[in-house]
Structures are given as structure tokens and as C-alpha cells.
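Coordinates in review
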Amino acid sequence: MLHLMPLLRPKQWVKNAFVAAPLFFGLELFDMASAAKIGVAVVIFCLLSSAAYIFNDLRDIESDRQHPKKRFRLLAAGGALQKEAAILAMALIAAGVTLGFLVKFPPGFYLY
């Protein structure tokens, strides 16, 4: 499964750190409970955004093959099986939602 890592687009995860902004603006930077909950939220955003990238790549696979830059993406280049990618995306969604339920995030959390 490590060969599928590029599908997750880990370089894009930096953007998910903006979920932590309330720690700074709410002056809760040193509140360990808040920091832990925000840390889990960042992980969930990474899981779910990676799933979205995979589903997008699956949907656009044919057009990506024609694109001068996107044709090198893992699915478009044939470096991964579509079935594997779909299973991974579903597993990421399941992991993200399960993690949110375990830390008791409200259902509205997923609407943002």
C-alpha cells in the first residue's frame, strides 16, 4: 500500500493546519485538551481531504491522461490500480469519520 502514498498528496496537508487557528486566536495555545482535540481535527481533515483527492483522480483519470502535467499522476500514469485507490479512499473516509466519533465531535463538524 505504500506505493499509493502519492495519491494522498501529503504536501497538501499543510493547508489543513489552518484548522488549528482557533488555538491561537482563542488564546488556548497552552490548553492541552484543546490542543489535542484540534490535533485530531487536523488528522481528520488530512484523511478526508486525501480521500477527496483520490476520488477526484479517479473521476478525472481520462482527462488527466491527456493533460501535460497531470498525466504523471499515479492513476493517470497507470502506477496504481483504480480498485486499490477506491478502496483506500473509502478506508480513509471510514477512518476519519470513526476518529471523529471516538473523540465525540458533533456531526456538524463534517459539514465544514
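Look up: the structure comes first, before these words.
Attention in this report is confined to the structure presented alongside it. Each chain carries its own residue numbering, running from 1 in the direction its sequence is written. Only residues with pLDDT of 70 or above have their local features reported here, since the model is predicted, and side-chain atom pairs are shown and tallied only from 80 upward, although totals for entire chains, interfaces and linings are computed over all residues. Calculation of side-chain values draws on the structure's entire complement of heavy atoms; hydrogens and water are dropped beforehand.

Before going further, it helps to examine the overall build of the protein chain. Helix and strand assignments follow DSSP, with helices taken as H or I runs no shorter than four residues and strands as E runs no shorter than two, numbered in order from the N terminus. Scanning the protein chain for helices and strands turns up five helices and zero strands. Beginning at the N terminus, the succession of helices and strands in the protein chain can be written as α-α-α-α-α. Whether a residue is buried, partly exposed or exposed follows from its accessible area with a 1.4 Å probe, protein chains only, as a fraction of its type maximum: under 20%, in between, or over 50%, in that order. Buried residues in the protein chain amount to 33% of all 112 residues. Residues count as neighbours in contact if any of their non-hydrogen atoms are within 4.5 Å of one another. Across the protein chain, the fraction of contacts at a sequence separation of at least 24, relative to all contacts at a separation of at least 6, is 66%. For the protein chain, the accessible area works out to roughly 7500 Å², and carbon and sulfur atoms hold 71% of it. His is not counted, nor are the chain ends, whereas Lys and Arg count as positive and Asp and Glu as negative. The atoms used to mark charge sites are NZ of Lys, CZ of Arg, CG of Asp and CD of Glu. Treating the 12 positive side-chain charges of the protein chain as one cloud and the 7 negative ones as another, the clouds have centres 4 Å apart. Throughout, the Shrake-Rupley method with a 1.4 Å probe supplies accessible areas, and for residues the shown protein chains are the sole cover considered.

The subject of this paragraph is the environment of Val14. Along the chain, Val14 turns up in the loop between α1 (5-8) and α2 (21-25). Taking the C-alpha atoms as reference points, Val14 and Pro68, separated by 54 residues in sequence, lie 26 Å from one another.

Let us now look at the side chain of Arg9. Counting through the fold element by element, Arg9 comes out in the loop between α1 and α2. We classify Arg9 as buried; its relative accessible area is 16%. At 2.6 Å, the side chain of Arg9 forms a polar contact with the side chain of Asp57. Excluding residues within four positions of it along the chain, Arg9 makes contact with Tyr53, Asp57 and Arg73. As used in this structure description, the phrase polar contact means that two N or O atoms lie within 3.5 Å; if the pair is within protein, one of them must be able to donate a hydrogen and the other to accept it, and residues adjacent in sequence are counted only when both atoms belong to side chains.

Turning our attention to unusual backbone geometry. One non-glycine residue, Arg9, lies in positive phi territory at about 50°. Here Lys104, not a glycine, exhibits a phi torsion of approximately 65°, which is positive. With respect to the helices, strands and loops of the structure, Lys104 is situated in the segment after α5 (82-102).

Our next topic: the pattern of salt bridges. For salt bridges, the criterion is a side-chain nitrogen of Lys or Arg within 4 Å of an Asp or Glu carboxyl oxygen. Going through the model one piece at a time under the given rule, you end up with five salt bridges. Salt-bridge contacts for Asp60 lead to Arg59; the nearest nitrogen and oxygen are separated by 3.1 Å. Residue Asp60 is classed as buried on the basis of its relative accessible area, which comes to 19%.

What follows is about the nonpolar core. By nonpolar core is meant a set of buried Ala, Val, Leu, Ile, Met, Phe, Trp, Tyr and Cys residues that side-chain atoms within 4.5 Å join together. In this structure, Leu7, Ile54, Leu75, Ala85, Leu88 and Leu92 are the most contacted members of the largest nonpolar core, which totals 14 residues. Excluding residues within four positions of it along the chain, Leu92 makes contact with Leu8, Leu47, Leu48, Ser50, Ala51 and Ile54. If you look at the next biggest cluster of nonpolar residues, it comprises eleven residues, including Leu23, Val40, Val42 and Phe105.

What follows deals with the packing of helix α3 (residues 32-59) against α5. Working note: a packed helix pair is described by the angle between its axes plus the distance between those axes. Working convention: axes come from line fits to C-alpha atoms, limited for helices to the stretch in contact. Angles between N-to-C directions cover 0 to 180 degrees. It is at 9 Å that the axes of α3 and α5 come closest, and there the two elements cross at 155°. Taken together, α3 and α5 sit at an angle that is classed as roughly antiparallel. Viewed along their axes, α3 and α5 form a crossing whose handedness is left-handed. Where α3 approaches α5, its residues Val40, Val43, Ile44, Leu47, Leu48, Ser50, Ala51, Ile54, Phe55 and Leu58 are matched on the opposing element by Gln82, Ala85, Ala86, Leu88, Ala89, Met90, Leu92, Ile93, Ala95, Gly96, Leu99 and Gly100. Each residue is assigned to one of three groups, with Ala, Val, Leu, Ile, Met, Phe, Trp, Tyr, Cys and Pro labelled nonpolar, Asp, Glu, Lys and Arg labelled charged, and all others, Gly among them, labelled polar. Here the residues of the contact of α3 with α5 sort into 18 nonpolar, four polar and no charged. Note on angle classes: values under 35 degrees are labelled roughly parallel, values over 145 roughly antiparallel, values of 65 to 115 roughly perpendicular, and the remainder oblique. By definition, any crossing whose near helix is turned counterclockwise from its far helix by less than a right angle is left-handed, and any crossing with a clockwise turn is right-handed.

No statement about biological role is implied by the geometric values presented.
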